[in-house]
Amino acid sequence: MSSAASVRAAGRPIGLMGGTFDPVHNGHLRAAIEACEAMALDHVRLIPLCVPYHRGEPLASAPMRAAMLEAAARPPLVVDRCELERGGVSYTVDTLEQLRARWPERSLVLLIGLDAYHGLPRWHRAADVLSLAHIVVVARPDIDTVHDPALDELVANAQAAHLDELHDTCAGRVFFLDIPLLPIASSELRARRAAGRVIRHLVPESVDDLIIEHSLYFP
Ligand code: ATP
Ligand code: MG
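Once a new chain begins, its residue numbering starts again from 1 and follows that chain's sequence as written. Chains and ligands are labelled by the order in which they are written, letters from A for the one and numbers from 1 for the other. A pLDDT threshold of at least 70 governs which residues receive local features in this predicted model, and a stricter bar of 80 or more applies before side-chain atom pairs are shown or counted, although totals over entire chains, interfaces and linings include all residues. To obtain the side-chain values, all non-hydrogen atoms of the structure were used and water was disregarded.

**Here's the deal with the pattern of salt bridges**
Definition in use: Criterion for a salt bridge: a side-chain nitrogen of Lys or Arg within 4 Å of a carboxyl oxygen of Asp or Glu. A helix here means a DSSP run of H or I that spans at least four residues, while a strand means a run of E at least two residues long, and both kinds are numbered starting from the N terminus.
This model, assessed by the stated rule, comprises 13 salt bridges. Salt-bridge contacts for Glu70 lead to Arg81; the nearest nitrogen and oxygen are separated by 3.2 Å. Here Glu70, found in helix H2 (residues 62-72), pairs with Arg81, found in the loop between strand S3 (77-79) and helix H3 (82-86); they are eleven residues apart in sequence, far enough to count as distant. Notably, a salt bridge pairs Glu97 with Arg125, separated by 2.8 Å at the nearest N-O pair. One end of the pair, Glu97, is in helix H4 (residues 92-102); the other, Arg125, is in the loop between helix H5 (114-118) and helix H6 (126-132), with 28 residues separating them in the sequence. When salt bridges that share partners are traced, they join Arg200, Glu205, Asp208 and Asp209 into one network.

Laid out in C-alpha cells, this is it:
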C-alpha cells in the first residue's frame, strides 16, 4: 500500500462524492450532507464525471450536469470540475492522485453507495483507489446489488471498526456509515421525465428549473 495509508492526517477529512449526476437529486444531497455531519468532514466535493468508464453516455451534456450541480450545491457541498477539466474517460484513481497531490496530509473520504461499492473490483486500478483514500459506504436499500467475491479480497483487513480511524490516517480504510437516506435515483427521474411526470419534489427547485428550461430528459 502506498504512503498515504500510513500518513498521520492533519485537519478534518475531506469528503468526495463522484458520479454521473444525470441529474443531481435530493438523494445525493442528503447522503452528502448527512455524511458530512455524521463524520465531521471539512466539506464534501461533488465531482461530476466527464465520460463514464463503466456505463453508457449520460443523457445531459457534461457542462449541463455541472450547471445543475452548481445550482444544487451550497456549503458544505462544493462542486469540483476536475474530471471535466481533464476531459475524456474519468477514472476515480486519477482524480484521487490529483487531490492527494493538493492535500498530501489530509484524510480523503470517498463516499459511495452500496451499489457502487459492489462494483469496486471492476474500477480502474481499484487497489490504488484504496491506497489514496478511505472508502465510506452508505446503504441505498432500494437498489439491488450483486456480491462479487473479488471485493472481499480487495478490502481484506481494511475494515475500520471506528470512525476515528478515518480521522487519524489519510487513506486505506473501509467504513459502513449508517445515515438516513432518500430512495431516489437519477434513472428513476429520467424515466419520470420521459413519461411526462413531475420530479420537482425530488430535486432542488433550481435544478428542476434548469431541466425544464433546457427540455432535458424529455422525449
Ligand atoms: P443512475 O440511476 O443514473 O445510476 P444515481 O442516482 O445512482 O444515478 P449516480 O450519479 O450514479 O446517481 O451516483 C453517484 C453516487 O451517489 C454513487 O456512489 C451512488 O451510489 C450515490 N447515490 C446515488 N443516489 C443515492 C441515494 N439516493 N442515496 C445515497 N447515495 C446515492
Ligand atoms: Mg447509479
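So that's the structure; there's more coming.
**Considering the site of ligand 1**
Stated precisely, the cut-off is as follows: Any residue with at least one heavy atom within 4 Å of a molecule or strand is counted as near it. Whenever a nitrogen or oxygen atom comes within 3.5 Å of another N or O atom, the pair is scored as a polar contact, on the condition that within protein one atom can donate a hydrogen and the other can accept it, and that pairs from neighbouring residues in sequence are kept only if both atoms are in side chains. Working definition of accessibility: Shrake-Rupley area with a 1.4 Å probe, residue cover restricted to the visible protein chains.
In the vicinity of ligand 1 lie 21 residues, with Arg55, Asp115, Leu182, Ser186 and Ser187 positioned nearest. The side chain of Arg55 places a nitrogen or oxygen atom 2.8 Å from an oxygen atom of ligand 1. Contact between ligand 1 and Leu182: a nitrogen atom at 2.8 Å from a main-chain N or O atom of the residue. Compared with its free state, where it exposes 590 Å², ligand 1 has 91% of that area covered by protein.

**Quick look at the pairing of strand S2 (residues 44-48)**
Quick reminder of the rule: Think of it in three bands: with a 1.4 Å probe and only protein chains considered, a residue is buried below 20% of the maximum accessible area for its type, exposed above 50%, and partly exposed in between. The path from the first strand over the helix to the second decides the hand: if it runs clockwise while the strands point away from the viewer, the crossover is right-handed. Strands were regarded as paired on the criterion that DSSP finds at least two bridges between them.
Most of S2 is tucked away: five of the five residues are buried. Of the two faces of S2, the one holding Val44, Leu46 and Pro48 and the one holding Arg45 and Ile47 are both buried throughout. Following the backbone out of strand S1 (residues 14-19), through helix H1 (residues 26-39) and into the adjacent parallel S2, one traces a crossover that is right-handed. As judged from the three bridges shared by S2 and S3, these two strands associate in the parallel manner.

**Regarding the packing of aromatic side chains**
What counts, and what does not: Only rings of Phe, Tyr and Trp enter the pairing, Trp through its six-membered ring, and a pair is recorded when the two centres are within 6.5 Å. The plane angle decides the type: under 30 degrees is stacked, over 60 is edge-to-face, the rest tilted.
One pass over the structure, following the stated rule, counts two aromatic pairs. Taken together, a centroid distance of 5.0 Å and an interplanar angle of 65 degrees make the contact between Tyr53 and Tyr91 edge-to-face. Linking Tyr53 in the loop between S2 and H2 with Tyr91 in the loop between H3 and H4, this pair joins segments that are 38 residues apart in sequence. Exposure remark for Tyr53: the relative accessible area of 41% places this residue in the partly exposed category. The interplanar angle of 90 degrees and the centroid separation of 5.4 Å between the aromatic rings of Tyr117 and Phe176 together place this pair among those described as edge-to-face.

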